[in-house]
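Next come the chains, spelled out residue by residue.
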Amino acid sequence: MMDIARLRQAGPYEWTLPPSAGEGGGEVRLFADAELLRGMDDKVLEQIRNVARLPGLVGAAMTMPDAHWGYGFPIGGVAAFDADAGGVVSAGGVGFDISCGIRCLRTDLSWEQLAPQRHHLADSLFREIPAGVGEEGRLRLSVRELEQVMRQGAHWAVAQGFGPADDLPYIEERGCVGGAEPDWVSDLAKKRQLGEMGTLGSGNHYLEVQVVDRIHDEAAAAAFGLRVGQVLVSIHCGSRGLGHQIGTDYLLLLAKSAASLGLTLPDRELACAPIRSDVGQHYLGAMNSAINCALANRQILAALTRGVLARYWPSARLDTLFDVSHNTCKVERHRVEGRERTLYVHRKGATRAFGPGHAGLPDAYQAVGQPVIIGGSMGTGSYILAGNPPEQNRAFASASHGAGRAMSRHQALKFWHGRQLVDELAARGILIRSGSLRGVAEEAPGAYKDVDRVAEVTEAAGLARRVAFLRPKICIKG
Amino acid sequence: MVLPDVPATATQRYGYFDHDADLGIEACGATPEAAMEAAAEAMFAVMTDLAALRPEQQLELDFDEADPELALVTWLNLLLAEAQSRRLVWCRFRLRREGSRWHGEAAGQPWTAELERGVEVKGATLTQLSLTPQEGGWRARCVVDV
């Protein structure tokens, strides 16, 4: 439990941590209310304070309202660095599941149309979407093909017939981030990924069929094509074995290189290197390769989902509303103290949230801002929000990414049993399909923070504004 | 699937401790190498019931690492990578050290439909990483990302 007496309240939903004598480091800023802060482990504060000590930090090291204790950075941590000011790129600031994110698909079906087939649909999705530990995808790539994936991202998947090119504008970076350099990805990382494309993974990853339960912002909902009763599908997963191994390789490499690069790390897990260093550039090239792999992976999973739905509703549409990434370091332009600067923005368990008019957004969302998805637990629900302009969002266009854990996985296993949870959720009209009852218990809705409060505070803090609330109906868990 | 609490003891070679997002593993053994073998068991026991596995396929791996704590992370991550790329799960482990040179062995079997599915471990992290002497042996700890 966080001791908020150590914090100074800088606004209704903003708190700062006054530096201790002799500690040095940059500013720490937490976006939350007192209740959410008290629910966080004190280690969140320790971790974000360590982030603030890294060189070249611009502005504050920040946490989002869903923050919780991670490794190195807290989950829900945001920090921007300037290469010209000796700034660093941190493998610990991105994590193992590089570009883990959510693809949200919008159907033209209502729940009333879908409900009679819901059991068949749940079974078919569970059968067709490879999920869980030990599961392999249906694709088997050569190393050369995987290198194309790493360079081309979702464009590669579209070129192979996995979904239409119409999806691409609705994916961050329009489906392919620049700067990918597969030569800086180890052979072991490539080997791990050859059979992993089109797989969901396990842990907090899911495929969820949801229904729009209420609209908060009619104009933004219209721009996003949302209406009450409409069915959506959200797919939460990342770069799979490739990203895991890149994270593993560079975490150790950067941790070992720190001293020779003149860096004193407050926590080894913050392993980082100057952006301008060779090893820093190598990490960026490898990390961008993993981002493109994640974008391609979600494109393939979206296509598999479309294939399943088409069996039941052949004429139904399943358009990409948006595809957001959570664990990334991205090169972005931000105005800081009246000056445009190129920054390396780390978001570890945080969502990019561009405001209206941003050049990175598709035309359809120019007036309202980027869709931001807060994925909640399988028993509560999720939110779609819209990004705010920089005058309101003072977190380098970042927002919450999920409900955030309130209880450890280990504790959750003591409170809940998977079979019991599946039955309880079924009684509430939520169908769970999973190969791991232990995984279900760890992901119990009660192990997460109150997603409504996280979304309310995200809005109240100016990070993004609520557009729609989605209720889960079918959840495929790994 | 039950995950025992820490502390790990001579009779309970490994256990688990709390971490908000992920999972802490703790293992003990008479030597650093034995503690690291038990840590590998702890990590793979997150994924399935090790007692149900047959040690029908073998792995040998070698690596150099002067720092024993970083060797623990390297050992765990190499086992993970080899397991995932071969679609296997390991159940038996052996580790030997000569100076900074480590030689590891593991045995396990391919995933089958009958095996209980736990949760995939993505990587062993440097968080709360330690390999320390304790009365009667050594204790290995780290947080694994799941």
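Naming follows an unreviewed UniProt entry, where chain B appears as SHS2 domain-containing protein of Pseudogulbenkiania subflava DSM 22618. Its UniProt record, at the heading Sequence similarities (unreviewed entry), says of chain B: "Belongs to the archease family."

As recorded by an unreviewed UniProt entry, chain A carries the name tRNA-splicing ligase RtcB and is attributed to Pseudogulbenkiania subflava DSM 22618. According to its UniProt record, chain A has this under Subunit (unreviewed entry): "Monomer." Turning to chain A, the UniProt record has this under Sequence similarities (unreviewed entry): "Belongs to the RtcB family."

Student: Even after reading the chapter, I still don't get the UniProt feature "active site" (unreviewed entry) in chain A, so can you show me in this structure?
Tutor: All names here are of chain A. UniProt records the feature "active site" (unreviewed entry) at H401, using the numbering of this structure. Secondary-structure assignment places H401 in the loop between β17 (398–399) and α11 (409–415). Beyond its immediate sequence surroundings of up to four residues, H401 is in contact with D66, H326, G349, A350, T351 and I374.

Student: Before we go on, may I ask you to explain the sheet that holds strand β12 (residues 328–336) of chain A in this structure?
Tutor: In sheet architecture, strand pairing relies on hydrogen bonds along the backbone and comes in two forms, parallel and antiparallel. Residue and element names in this part refer to chain A. Sheet architecture is open: seven strands sit in the order β1-β2-β3-β4-β5-β13-β12, paired in mixed fashion. The outermost strands of the open sheet, each flanked by one partner alone, are β1 (8–11) and β12. Neighbour-to-neighbour, the strand axes of the sheet open up by a mean angle of 30°, direction not taken into account. Helix-sheet contacts for helix α2 (residues 42–51) involve β3 (27–31), β4 (57–71) and β5 (73–81), and the interaxial angle to β4 is about 155°.

Student: What exactly am I supposed to notice about the confidence of the model for chain B here?
Tutor: It should be kept in mind that the predicted coordinates are not to be read in detail where pLDDT is low. Looking at chain B, pLDDT values average 93 and 98% of them are 70 or higher. In the model output, the complex is listed with pTM 0.96 alongside ipTM 0.91.

Cut-off values and rules
Residues numbered from 1 in each chain as written. Chains lettered and ligands numbered in written order. Predicted model: local features only at pLDDT ≥ 70, side-chain atom pairs only at ≥ 80, totals over all residues. UniProt positions renumbered as here; feature names shortened; annotations may be inferred. Helix = DSSP H or I, 4+ residues; strand = E, 2+ residues; numbered from the N terminus. Contact = placed C-beta atoms within 7 Å. Pairing = 2+ DSSP bridges. Axes fitted to C-alpha atoms, helices over the stretch in contact; angles between N-to-C directions. pLDDT = per-residue confidence, 0-100.

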